[in-house]
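Results of the structural survey
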Amino acid sequence: MKPSYLIPLIGLFALISCEKPNADDPDITKLYGNYELSNINWHGTSVDLNNDGSGYWNLLYEFQNKLGYYEPDYTAVVQPGIVYSHTEPYSNYSTSFNVTIPYPHYTMVDGKWKCLEIKSLKTTIRATDNSIRLHVNCCHIFPGFNDPDDPFLSSIQDVSLVVDSYDDNKFKIGVHCTLPFDFNEEQTLNENYLYYEFIKE
C-alpha cells in the first residue's frame, strides 16, 4: 500500500502534466505583423499581361511593368479580429489577414481583352482555429462580383488563404479567377488560381 502522503503528490504531478502546453500546438499569433508583396504566380496557362508576345506564370515582372502598379500599396497586416455569426447572436475571436493586392484591369480592344492598367483590391480574410488548415486553400470568402466590364473581377469565384507553416513568416492569398489567354490569334478565358505571396517585413 502506498503511503497516504504520496497520493496528493501523484495528483499534483498529473495536474501539472495535463496543463503543460504542447510544443506542437499551432500558434497562429506567430503570423501577426506587417507584410509586403513578394511574388505573384498564375497556375493556369501562361499569360502575357504586357503584350510583349511572351506568356509567363510568374507574373510579378509583368505586373510591375504596367501603368497603375504602385508597389507601396501592396501590403498586408495580420492581427487579431472577430468573426460574427450570421445565424447566432455571438462572435468568435479570429486572425484577420488584411491585404491589398494588385489585379489586371482588362478592356475590350479590337474584339479582345487587353490589360491596360493595374488596379488595387482590398479585402480581409478571417481565420479561426476551426477554419485554418496548413498547406491547403482555406478560410474561403465568396465575393460574388458581377461586373461585365471587368472580366477579372466578374470571374472571381473565391478568395482563400494558404499558410504552409506558422514559422515561415509568409503566406499566400489565392484568387480563383480567369485570365485571357491568346493563342494563334484566338483568345480564351483560362480559369485557375492566381497566388499572391506576402513575406513579413
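Described in the following lines is the structure provided in the data block. Worth saying up front: this structure is predicted, and the values here are computed from it rather than measured. (Residues numbered from 1 in each chain as written. Predicted model: local features only at pLDDT ≥ 70, side-chain atom pairs only at ≥ 80, totals over all residues. Heavy atoms only, no water.)

1. Points about the overall build of the protein
Using the following cut-off: For helices the rule is a DSSP run of H or I covering at least 4 residues; for strands it is a run of E covering at least 2, with both sets numbered from the N terminus onward. Note on classification: 1.4 Å probe, protein chains only; a residue is buried when its accessible area is under 20% of the maximum for its type, exposed when over 50%, partly exposed between these limits. What makes two residues a contact is simply this: any of their non-hydrogen atoms within 4.5 Å.
A count of helices and strands for the protein gives three helices and eight strands. Secondary structure elements in the protein, listed N-terminal to C-terminal, are α-β-α-β-β-β-β-α-β-β-β. Within the span of the protein, comprising 201 residues, buried residues form 36% of the whole. Long-range contacts, defined as pairs at least 24 residues apart, comprise 54% of the intrachain contacts of the protein with a sequence gap of at least 6.

2. Let's talk about the sheet that holds strand β1 (residues 33-42)
Put simply, the test is: Two strands make a pair as long as DSSP finds a minimum of two bridges between them. An axis is simply a line fitted to the C-alpha atoms; with a helix, the fit covers only the stretch in contact. Between two such axes, the angle follows the N-to-C directions and lies from 0 to 180 degrees.
The antiparallel open sheet is built from eight strands, whose spatial order is β4-β3-β2-β1-β8-β7-β6-β5. This sheet does not close on itself; its edge strands, each paired only once, are β4 (112-127) and β5 (138-141). Ignoring strand direction, the axes of neighbouring strands in this sheet form an average angle of 35 degrees. Here nine bridges tie strand β2 (residues 75-84) to strand β3 (residues 91-109), and the two strands are oriented antiparallel to one another. Considered in β3, the bridge of Gln 79 is made with Ser 96.

3. What about the pattern of salt bridges?
Under the convention used in this document: One side-chain nitrogen of Lys or Arg within 4 Å of one carboxyl oxygen of Asp or Glu is enough to make a salt bridge.
Applying the stated criterion across every chain, the model contains one salt bridge. In this structure, Lys 30 engages Asp 167 in a salt bridge whose closest nitrogen and oxygen atoms are separated by 3.1 Å. Residue Lys 30 is located in the loop between α1 (6-19) and β1, and its partner Asp 167 is located in the loop between β6 (158-162) and β7 (170-183); the two are separated by 137 residues in the primary sequence. Accessibility expressed as a relative area gives 40% for Lys 30, which makes it partly exposed.

4. Thoughts on the environment of Tyr 193
Operational definition: As used in this structure description, the phrase polar contact means that two N or O atoms lie within 3.5 Å; if the pair is within protein, one of them must be able to donate a hydrogen and the other to accept it, and residues adjacent in sequence are counted only when both atoms belong to side chains.
Note that Tyr 193 resides in strand β8 (residues 186-200). Residue Tyr 193 is classed as buried on the basis of its relative accessible area of 18%. Separated by 16 residues in the primary sequence, Tyr 193 and Cys 177 have C-alpha atoms spaced 6.1 Å apart. Discounting chain neighbours no more than four positions away, the residues touching Tyr 193 are Asn 41, Trp 42, His 43, Asn 137, His 140, Asp 158, Ser 160, Gly 174, Val 175 and His 176. Looking at Tyr 193, its side chain comes within polar contact range of the side chain of Asp 158, at 3.4 Å.

5. Remarks on the pairing of β1
In this sheet, β2 lies alongside β1 in antiparallel orientation, the contact comprising four bridges. Bridge pairing links Tyr 35 to Ala 76 in β2. Note: β1 against β8, seven bridges, orientation antiparallel. Residue pairing for β8: Asn 41 is matched across the bridge by Tyr 195.

6. With respect to the environment of Lys 170
In this structure, Lys 170 sits in strand β7. Residue class for Lys 170 comes out partly exposed when judged on its relative accessible area of 33%. As a C-alpha pair, Lys 170 and Phe 198 span 28 residues in sequence and 5.5 Å in three-dimensional space. For Lys 170, the contacting residues outside a window of four places in its chain are Leu 31, Tyr 35, Glu 197, Phe 198 and Ile 199.

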